[in-house]
Amino acid sequence: MASTRPTAGAAVAPITAPGALPAPRGKGRPARRWVNLADAAPLLVLIALCLGLGLASPAFFTFRNAVWGVANQAAIPLILAMGATFIIVMGSIDLSIEGVLSVGAMIVALLCANDSNAHDFGWWGPLLALLACTGLGLVNGLVHVGLRIPSFMATLGLWFVGLGIGTVALGGSAVRVLDPHIRMLAFQRIANFPMAVWVALAAFLFALLLERRTRFGRYVYAIGGGEDIALLSGVPVARTRILAFALAGFFTGLAAVLATAQLGEANTTIADGRLFMTVTAVVVGGTALTGGTGGVVNSLIGILIVVVLANGMVLLGISPYVHETVQGLMIIAAVALSIRRGAGLVIK
Amino acid sequence: MPAAERPLATAEIVQRVRPFAPVLLLLAIVLGISIAEPGFARFNILSVILSDASLLFVLATGMTFVIMLGGIDLSVQAAASFSSMVVAELLPHLGYLAFPLTVLVGLVVGFGSGFVHVKLRISSFVATLATGGIMTGLSLLMEDGRSVSILDAGRAQSTWVTGAWLFNIPNIIVIAGLVAIGGMLLQRYTRFGRYSTAIGAGEPAARAAGISVDRYKMIAFALSGACAALGGVLLAARLASGSPDLANQLLLPTIAAVVVGGTAITGGIGSVGRTVVGALIVSMVRIGMTFVGVNIFAQQIVFGAALVLAVAITIDRGKIAIIK
Amino acid sequence: MLTVDQVSKSFGIVRALERVSISIRPHEIVGLIGENGAGKSTLMRILSGSMRPDSGTISIDGKPVVLRNTRHANENGIAMVFQEQSLLLNMPVADNIHLAQERPFMRLGLLRRQRMLDAARQHLAKVGLDIDPAIKAGELDFAARQMVELAKALALEERTDAPLTILLDEPTSVLESRDIAILFDRMRALTARASFLFVSHRLDEVLEISDRVYVMKDGAVVAERPARGSTVSELHAMMVGRELHAEYYREGRQVPPQPEPVLEARGLGVRGAFRDVDFTLRRGEVLGIAGVIGSGREELTRTLFGFLPQTDGTLRVDGREVVLRTPMQAVAAGIGYIPRERRVEGLVMDLSVAANVTLASLGIAMRHGIIDHARERAIARDWIQRLRIRTPSAAQICRNLSGGNQQKIVLARWMTARSHIMILDHPTRGLDVGAKEEVYDLVRALSADGVAIVLTSDTLEETIGLCHTILVMRDGAITGRFDAPAGAKPSQLQLLEHMV
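Everything numeric here is computed off the predicted structure, so don't read it as measured data.

A. Fine view of the overall build of chain C. When helices and strands are counted, chain C shows 17 helices and 24 strands. Relative to the compact-globule value of 23 Å for 500 residues, chain C shows a C-alpha radius of gyration of 25 Å, a close match. With the C-alpha coordinates of chain C rotated into their principal frame, the extents come out at 75 × 55 × 45 Å. Looking at chain C as a whole, 52% of its 500 residues are labelled buried. Sequence-distant contacts in chain C: of pairs separated by 6 or more residues, those separated by 24 or more amount to 67%.

Right, here's the structure in full:
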């Protein structure tokens, strides 16, 4: 092959005109979107579920049901799922959301006008709750990164610490929220949808922005896709991890405020079952627990699947207790179906 | 590889003392509480503590095997509650047979968790979170969310748990003792014991020695399920009823008992014997705190923090290349 | 101009680099060759910033630099394109190219994706890759990914004024010939912007693309030649090591193998790793497999123990056809495995000597269905004595024993399990001379006892010295077959000619 080297110092221009080169074989060409059946599966499941339920129960496709049966029910779980998504994409897990939510709810209830003490700090309650929950998330991150403990252990500890703090502060009983503004936060309607839904939508858009258009979002995916490569390339892994946990704390705090507003009180069971539902939704939506794939859109679809299923069971008169059993089966099915790994990976 | 540096004197001392730390801690706690409340170290108080520790210990034995393998079982409280309901339902129909049958059910469900974990390659905490959820759902479905009482006939048949046959020592302590001995024997003298220790301490090496890692992991989860079921049976007998949330609040102390006892969550190091010490510590602290007036939920704060601390100390970071 | 001056590096007692000096001038393509263990990868790692030398200096345009880490090396214009590709497969090509360098594309804290994509397109154009930078890296094939890595390395020129030096580590081993031609074409055109260090075991390709070639042997640079006018056989001759000492490998104790076949492979292959492997292993025979990384020999040894089931061909153990899907099946078939990562796959470090010795054959220490600890210790003590394993007791945990003793325990385990076939995967790696000799003694003893051995080793010397028969592999196929009877051993050169 004759030497075709340009002389040193020649103008540095593109080597050849674009398009004049043999393209690499295989899949080097631009990919079409939605080409992967596995990626589209959760959405297809959702659509199939909606159609099926619509056929089984005419009440499903009413506007009223869409607002109160689905959207309103999905609002708080969606917010929780936003925080959980970043953690899971990174390849970690956050088991503490129930504990953090308890603390947040407790702060809101005890600081605003309530039936347990004479405080009447109005919006300071939710504000401090957000701050405290973000702080707890930060603690999660610091313990995990600083003490170098696997995330499930660090967050397991905080789960119980948070539950303990929340329950102790509530004195073991419920505290009713009397402040009308805070209650309106959940129920005030705008364009026929309750505020909770709008808040959830805003949270979703915020999370989407973080995921797609910030460096933080890219780094979360990089860590999930290959932490050693990311580290070598100069990605600030430790800082990103801590931030992701703090962010999850923030979303949990937001969910806590809404939950307290919706329920009208803070009690010892306000957070029960939420971890399970969040993990189910994220997994069912297609975000792999091993990290690196999926995202907040997947989690939205996952939440909708879980909520629509619950809604359907209510409409069809099926016992609500079946729901929890079904959720457990859904996690297993969803994870099993998304298996694409070879042997050799040590799964703990 | 750069040559290893000589450890400093203090680091060496820490290394030597570390295995004994839990026992020392236990003694310190007993001493501490005895000094604060001189009425503490009497037989009936000890009896209460040991009875509480017994239940915890049965649950923690199964958990020990799972943790030693490097996994975790988040379904124990759901499994125990579920078993309490199963045994309460079965007693009127099957009499004494209800007890072993319930444990068998627990064994099978536990095996299921292990199967899901190993064959479907789902991490153990998700697999057990899922199976735990399924069991909670089933418990709620059984009686539409209500509990099941054990009536007189059943109570009479439960005296093997509630009675005190041997020198007035509560039977439950004896049962826990038998489970302890059984666990220790299992660990020391059986293939399962040796292989599960090997898998936890060095899974790639165990695999390269021809050990069927999958099989022994599933057995460990099956045992954990059986122990959780036994725990549920004991609880139901004591409280004379079964309910879907009977064993709530027991997950954390169970894990704490194993980890504080010195079994590392990275696997391999640890034993049922250490869990005995761990369970005693946890019970001492629980009862001690209640004695001194700390409320049960506040205890959770202490335990949550202690758990994280215990893990931070016992974990072997060399085993996990990337801490996720 | 990048200059390496008298750089040395040791790992414990092993001297990986011995006062190495090379230089890479602007717009040059410099080739680097040498067999396994010659020091090439250590040198690359030092140049790319992931390792520091023990002594010596690296200078850029005459100014000495200490490369603290990869990022610092990047700032000095040095970028490495890895053999095992280092792209994040779950992320778009553009994100990979700009990873951790997104600042130029930020506005008000947000990434401007269109700008990132456009910039990526320009970088890709430099290597002639016309793909959509928004697609995930995992959707590309090997060749395209290689080019993206090259583009990523070239993107450095936006961020640094230092002259660009790109290190290529075996870039062609996974490419088809058409893609190799494209790669070389690009490289020649790119010399306007960068110089290259090209490491490969394919000497013909090295001669084709390079201006100059350095030859390394045993950690030192032994020759420097212009590519034009040099031949492959000249290079081979310079790569070969020192003379064999027949006594070192106990050649005198090498006895001919028995005729009975114990392991037979016909057309054995694993898609993507190796193909058409035929051999017959007889009782007492020591079969060596020689080859560089990427030749397929590592995968072949893994297949023989059930880590990597074959996709083509047949394997027969004692006449019975088997497909080994797990190590458990291999052990059941009577095969034992001494792994190269002793501390990970060999011993369970926190278990005792006795427990490790019986790990593959626990039944032997059991009586009435339970483990008899006294018996287990007795078995271990027997081996401790016979193999002269230096340990305070059979109950000692293995973590603190020396490498040589650990290796003996692994061997003891398979001897306890009565394996009649043993796969020795780099058995003397990390051992000092005395420990190595003890391993050689054991190999001879096992062979005399009728145990059949498959051996892969770090050095050609060791392979030639210990084995009865040697297979040479290159790029996934067997390229040579040699008999090595005592007193009539092939030379290293003969083997090397088929390896590179």
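Still to come is the rest of the account.
B. View of the sheet that holds strand β17 (residues 320-322) of chain C. All names here are of chain C. Strand order in this open sheet of four strands is β14-β13-β16-β17, and the pairing throughout is antiparallel. Taken across any chain shown, the strands that pair with only one partner, and hence form the sheet edges, are β14 (274-282) and β17. Adjacent strand axes in the sheet meet at a mean angle of 20° when their direction is disregarded. Direction of pairing for strand β13 (residues 261-270) relative to β14: antiparallel, over a ladder of six bridges. Looking at the pairing, E264 lines up with T280 of β14.

C. Just the confidence of the model for chain C, in detail. When pLDDT is averaged along chain C, the result is 88, and 98% of the positions lie at 70 or above. For this predicted complex, the interface confidence score (ipTM) comes to 0.84, while the overall pTM stands at 0.82.

D. A look at the interface of chain A and chain B. If you look at the interface, chain A gives 44 residues, while chain B gives 43 residues. Listed by contribution, the elements that provide at least two residues to the side of chain A that touches chain B are α5 (151-169), α8 (215-233), α10 (274-284) and α12 (321-337) of chain A. Among the elements that make up the side of chain A that touches chain B, the one with the highest residue count is α5 of chain A (14 residues). Class assignment of the residues belonging to the side of chain A that touches chain B gives a composition of 27 nonpolar, eleven polar and six charged.

E. Looking closely at the nonpolar core. Residues A75, I79 and L258 of chain A, L59 of chain B together with I453 of chain C are the most contacted members of the largest nonpolar core, which totals 382 residues. Ranked by the residues each element gives to this core, the list is headed by helix α12 (residues 213-239) of chain B, at 18 residues. Taken domain by domain, this core gets at least three of its residues from each of domain 1 (2-239) and domain 2 (251-499) of chain C. Not counting residues within four places of it along the chain, the set of residues in contact with A75 of chain A comprises A196, V197, V199, A200 and L258 of chain A.

F. Up close: helix α13 (residues 251-260) of chain B. Residue and element names in this part refer to chain B. Burial analysis of α13 places ten of its ten residues in the buried class, which makes it a mostly covered element. All of the buried residues in α13 are L251, L252, P253, T254, I255, A256, A257, V258, V259 and V260. One or two positions beyond α13, positive phi appears at G262, with a value near 115°.

G. Geometry of the packing of helix α14 (residues 403-416) of chain C against helix α15 (residues 433-448) of chain C. All names here are of chain C. One can describe the packing of α14 onto α15 by two numbers: an axis separation of 9 Å at closest approach and a directional angle of 15°. When the axes of α14 and α15 are compared, the pair comes out roughly parallel. As for the relative orientation of α14 and α15, their crossing is right-handed in sense. On α15, the residues touching G403, G404, Q407 and L411 of α14 are A435, E438, V439 and L442.

H. Focus on the confidence of the model for chain A. Residues and elements named next belong to chain A. A residue-level look at chain A finds 86% of positions with pLDDT of 70 or above and a mean pLDDT of 82. When pLDDT is averaged over each element of chain A, helix α9 (residues 237-263) comes out on top at 95 and α12 at the bottom at 80. Across residues 1-35 the pLDDT falls below 50, and counting only partners more than four positions away or on other chains, this stretch makes 54 contacts in the model. Below a pLDDT of 50 lies the segment residues 340-348, which in the model reaches eight contacts outside its immediate sequence neighbourhood of four places, other chains included.

Conventions adopted
- Residues numbered from 1 in each chain as written.
- Chains lettered and ligands numbered in written order.
- Predicted model: local features only at pLDDT ≥ 70, side-chain atom pairs only at ≥ 80, totals over all residues.
- Helix = DSSP H or I, 4+ residues; strand = E, 2+ residues; numbered from the N terminus.
- Rg over C-alpha atoms; globule rule 2.2 N^0.38 Å.
- Buried ≥ 20, exposed ≤ 12 C-beta atoms within 10 Å, placed from the backbone.
- Contact = placed C-beta atoms within 7 Å.
- Pairing = 2+ DSSP bridges.
- Axes fitted to C-alpha atoms, helices over the stretch in contact; angles between N-to-C directions.
- pLDDT = per-residue confidence, 0-100.
- Nonpolar A, V, L, I, M, F, W, Y, C, P; charged D, E, K, R; others polar.
- Core = buried A, V, L, I, M, F, W, Y, C linked by C-beta atoms within 7 Å.
- Domains from an automatic or database assignment.
- Parallel < 35°, antiparallel > 145°, perpendicular 65-115°, else oblique.
- Left-handed = near helix turned anticlockwise from the far one by under 90°.

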